[in-house]
Amino acid sequence: MNYYENILVSNNNGLSVITINRPNKLNALNKTTIEELHQTLKIADNDADIKVIIVTGSGEKAFVAGADISEFADFSVEEGGKLAAKGQKLLFDFIENLSTPVIAAVNGFALGGGLELAMACHFRIASNNAKMGLPEVSLGVIPGYGGTQRLPNLVGKGRAMEMIMTAGMIDANQAMSYGLVNHVTSQEELLPFCEKLAQKISRNSSVAIAAAIRAINANYIDGTNGFEVEIEEFGNCFGTEDFTEGTTAFLQKRKADFPGR
Ligand code: COA
């Protein structure tokens, strides 16, 4: 049973596939979609049986073609600021800081808020029809869901400047050469490929993975020393059941069966 207007959720074998489902609007992120994504991601993250989340778009054309332009076209300065702040908190920062790994399966256009959503995920795989860009300046606005920060982090300042200033799109192979996506597949292979990666991730300690996410993210927080966060997270691992199981299994020459605690 699906309770959401614009989101489909399919849970299977430790994997939650969250599909943004507004194909007639190229899966553009309106208010409801952002709220429903927040809810579904939160539920998946709190479910101990879910080891990996995949976020994708429905249909063959788009991952997400941006924030829904029709919703903000008449906004004031104050409303514009609030839109960005609320979206960043509810979805983009939220997703980046989830303990459960989130893979973006970029199955088509990822523009504006769509690329920002993909960039907030822990990493990205694209199908060969995907096109990515931050076209906001062509609308007289700038990226507001973290794009000016995450794009330079992923591709370097010069490339980010060019992409944002030209408002142009790059294809999947160029995105891979930029380091924006990790792999490019055919359209049919996109989800199976992501699922295989998810299975590989699921075999490892979910507690250690969550600690690794926190330590890696610490590198991008102003005023935080990532090395110190790493030392603390590393130390904390020694107190987990997963650590006991992982090291014991290695010494006993068997595969670890992590309790996830
Ligand atoms: N917000 C709201 N609606 C959007 C949208 C967005 N970001 N992107 C696409 N749509 C809607 C279109 O308005 C159209 O709706 P309609 O059929 O009711 O008129 C529908 O999705 C299909 O889009 P369309 O433009 O007809 O498809 P296309 O194949 O001709 O072009 C794009 C595809 C992606 C190039 C084009 O839709 C586009 O430029 N979208 C906006 C991208 C953007 O600027 N995003 C950043 C927003 S900040």
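Structure's up top.
Residues numbered from 1 in each chain as written. Predicted model: local features only at pLDDT ≥ 70, side-chain atom pairs only at ≥ 80, totals over all residues. Heavy atoms only, no water.

Once that is clear, we can look at the pattern of salt bridges. Tallied over the full model, the rule gives 9 salt bridges. Here E233 ties to R214 by a salt bridge, and the two come within 2.8 Å at their closest N and O atoms. Taken together, the residues E233 in helix α10 (residues 226-237) and R214 in helix α9 (residues 206-218) connect sequence positions 19 residues apart. Since its relative accessible area comes to 14%, E233 is described here as buried. Residues R254 and E245 are paired through a salt bridge, measuring 2.8 Å at the closest nitrogen-oxygen approach. We classify E245 as buried; its relative accessible area is 15%. (Salt bridge = Lys/Arg side-chain N within 4 Å of Asp/Glu carboxyl O. Helix = DSSP H or I, 4+ residues; strand = E, 2+ residues; numbered from the N terminus. Buried < 20%, exposed > 50% of the residue type's maximum accessible area, 1.4 Å probe, protein only.)

Right, let's talk about the sheet that holds strand β9 (residues 170-171) for a bit. On the basis of which strands lie adjacent, the open sheet formed by 4 strands has the order β4-β6-β8-β9 and mixed pairing. In this open sheet, the two edge strands, each paired with only one partner strand, are β4 (62-64) and β9. Sheet topology note: the strand β8 (residues 131-133)/β9 ladder contains 2 bridges and is antiparallel. Note on β9: the bridge partner recorded for K131 is D171. (Pairing = 2+ DSSP bridges.)

Now for the pairing of strand β2 (residues 15-20). The element β2 is extensively covered by neighbouring structure, given that 6 of its 6 residues are classed as buried. Side chains L15, V17 and T19 project from β2 onto one buried face, and the interleaved S16, I18 and I20 project onto a second face that is buried too. Direction of pairing for strand β1 (residues 7-12) relative to β2: antiparallel, over a ladder of 6 bridges. Note that in β2 the partner of V9 across the bridge is I18. The hairpin formed by β1 and β2 contains 2 residues between the paired strands, and N13 there has a positive phi angle of roughly 55 degrees.

What follows is about the sheet that holds β1. Reading across from one edge, β1-β2-β3-β5-β7-β10 is the order of the 6 strands in this open sheet, with mixed pairing throughout. Edge strands, defined here as strands with exactly one partner in the open sheet, are β1 and β10 (183-185). On average, each strand axis in the sheet is inclined to that of its neighbour by 20 degrees, with strand direction left out of account. Of the strand pairs in this sheet, β2 and strand β3 (residues 52-57) are connected by 6 bridges, and their pairing is parallel. Residue pairing in the sheet places L15 in a bridge with V52 of β3. (Axes fitted to C-alpha atoms, helices over the stretch in contact; angles between N-to-C directions.)

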